[in-house]
Amino acid sequence: MPEHATPQRLSPPARRRRRPLLAGCVAVAAALGLAACGTANGALQPQPGVTASGPGTPAPSAPPTAAASSAGTPSSPGPAASTPAAPATPATPKPGTPKPTAPNPPPPSTSRPPTHAPTQPPPHTPDTPPATRPPTTTPVPPPPPSSDGVPTSVVRSTASGGRTVALTFDDGPGPATGQVLDLLAQYGVKATFCQVGRQAAANPAMVRRIVAAGHRLCDHSVDHPQPFAALPHDRAVSEISRAKDMIVQAGGPGTRVSWFRAPGGGFTADNQRIAADLGLRPLGWSVDPRDWARPGVASIVSTVQGQLRPGGVVLMHDGGGDRSQTVAALKQLLPWLVAQGYHFDFPAG
């Protein structure tokens, strides 16, 4: 252009397009100057993620890189710079200059567990609940002996122990009582008869025959009410005491009643105490063929033979209904017991 030529003024749009280009050139020149000369105080050129400032000095912000300026962006459509930027070479720190340290990482979030932590499976829940144990119950001890020294505990064994057996017959006297007495006499057996008060009062001759043969008597209540364990105290007293009086009266002078057997085995601490206060030992059993239900002669015999152990007490019935099966079973059991070496005894008193 000639010296006297008047410089051409750029239009405003042209000036706006040239400004990013000039800024890029200045940035490239500054980067080249810093790389070549370094800083006067030995500071490092800023790098991403590294703090190079000394104590108490704020970290300088990184200038725009040459690549970002020269490559062009949508906001700066101008051409790239003709001179490529040289890669920045970090300056060697001078002795005594603190080493750059990486910033402390932010604390991990506690909102959820780390992604690398294994996920624990939920606990397995069985489809059916585990079997529950039956509640443990503490055995209730029997009440203390009566004032006369009669035990209140229920006896279920013979007086002598060893290879002995006690035969007991309930609910009589009845139509089968005479047949039972005949069979017992045939084998020289002594037994115990647990009599219902009203039955004894209605058959005094049979009661006297029992006593005369050397057998013993047991109180089995006045009317055989069930469940006997549910009776109130006053009713239990009446059932036990009145039955004893009725049996003694039917048997005549010298008749003794030694035991009390609750109907259906319905013993409680209360009725055991009532019996003991009347001089009666509570009497249970260890063998029950359920002959009262008339299960058949073979069933009665096999049950006695299978359940009996030395010193056992056998429960059978001579009253309360048809006892023909009991009589037939007794005809088989008596010789079997003798053959097995059993001796006949009374229950423990």
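Residues numbered from 1 in each chain as written. Predicted model: local features only at pLDDT ≥ 70, side-chain atom pairs only at ≥ 80, totals over all residues. Heavy atoms only, no water.

Take helix α9 (residues 324-339) next. Between the first and last C-alpha of α9 there are 24 Å, a value that for 16 residues agrees with the 22 Å anticipated at 1.5 Å per step. Buried within α9 we find Gln-325, Thr-326, Val-327, Ala-329, Leu-330, Leu-333, Leu-334 and Leu-337. Note on α9: the residue one or two positions beyond its end, Gly-341, has a positive phi of about 85°. (Helix = DSSP H or I, 4+ residues; strand = E, 2+ residues; numbered from the N terminus. Expected span 1.5 Å × (residues − 1). Buried < 20%, exposed > 50% of the residue type's maximum accessible area, 1.4 Å probe, protein only.)

It is worth spelling out the side chain of His-215 at this point. Relative to the elements of secondary structure, His-215 occurs in the loop between α5 (204-212) and β3 (216-219). A distance of 3.0 Å separates a polar side-chain atom of His-215 from the backbone nitrogen of Ala-191. In contact with His-215, other than residues within four places in its own chain, are Leu-181, Leu-184, Val-189, Lys-190, Ala-191, Phe-193 and Ile-210. (Polar contact = N/O pair within 3.5 Å; in protein donor to acceptor, adjacent residues only side chain to side chain. Contact = heavy atoms within 4.5 Å.)

The relative placement of two aromatic rings is captured by the distance of their centres and the angle of their planes. Taken as a whole and assessed by the stated rule, the structure comprises three aromatic pairs. Both rings, one in Phe-169 and one in Phe-193, keep their centres 5.4 Å apart while their planes meet at 25°; by these two values the pair is stacked. A residue pair is termed long-range when its members are at least 10 positions apart, and Phe-169 in strand β1 (residues 164-172) and Phe-193 in strand β2 (residues 192-195) qualify at 24 residues. You'll find Phe-169 and Phe-193 in the same group, each marked buried. Taken together, a centroid distance of 5.7 Å and an interplanar angle of 50° make the contact between Phe-228 and Phe-260 tilted. (Phe/Tyr/Trp six-rings, centres within 6.5 Å; stacked < 30°, edge-to-face > 60°.)

This part takes up the pattern of salt bridges. A complete count under the given rule lists five salt bridges for this structure. Between Arg-261 and Asp-170 there is a salt bridge, with the nearest N and O atoms lying 2.8 Å from each other. Here Asp-170 lies in strand β1 and Arg-261 lies in the loop between β4 (257-260) and α7 (269-277), a separation of 91 residues in the sequence. Judged by relative accessible area, Asp-170 falls into the buried class, the value being 3%. Between Asp-182 and Arg-209 there is a salt bridge whose closest N-O contact spans 2.6 Å. Remark: Arg-209 occurs in helix α5 and Asp-182 occurs in helix α3 (residues 177-186); sequence separation between them is 27 residues. (Salt bridge = Lys/Arg side-chain N within 4 Å of Asp/Glu carboxyl O.)

One finds Leu-167, Phe-169, Leu-184, Phe-193, Phe-260, Val-314 and Leu-330 to be the most contacted residues of the largest nonpolar core, which totals 42 residues. The contacts of Leu-184, once residues within four sequence positions are left out, are Leu-167, Phe-169, Val-189, Ala-191, Phe-193, His-215 and Leu-334. Counting seven residues, the second-largest nonpolar core is a separate cluster that includes Cys-194, Leu-283, Phe-346 and Ala-348. (Core = buried A, V, L, I, M, F, W, Y, C linked by side-chain atoms within 4.5 Å.)

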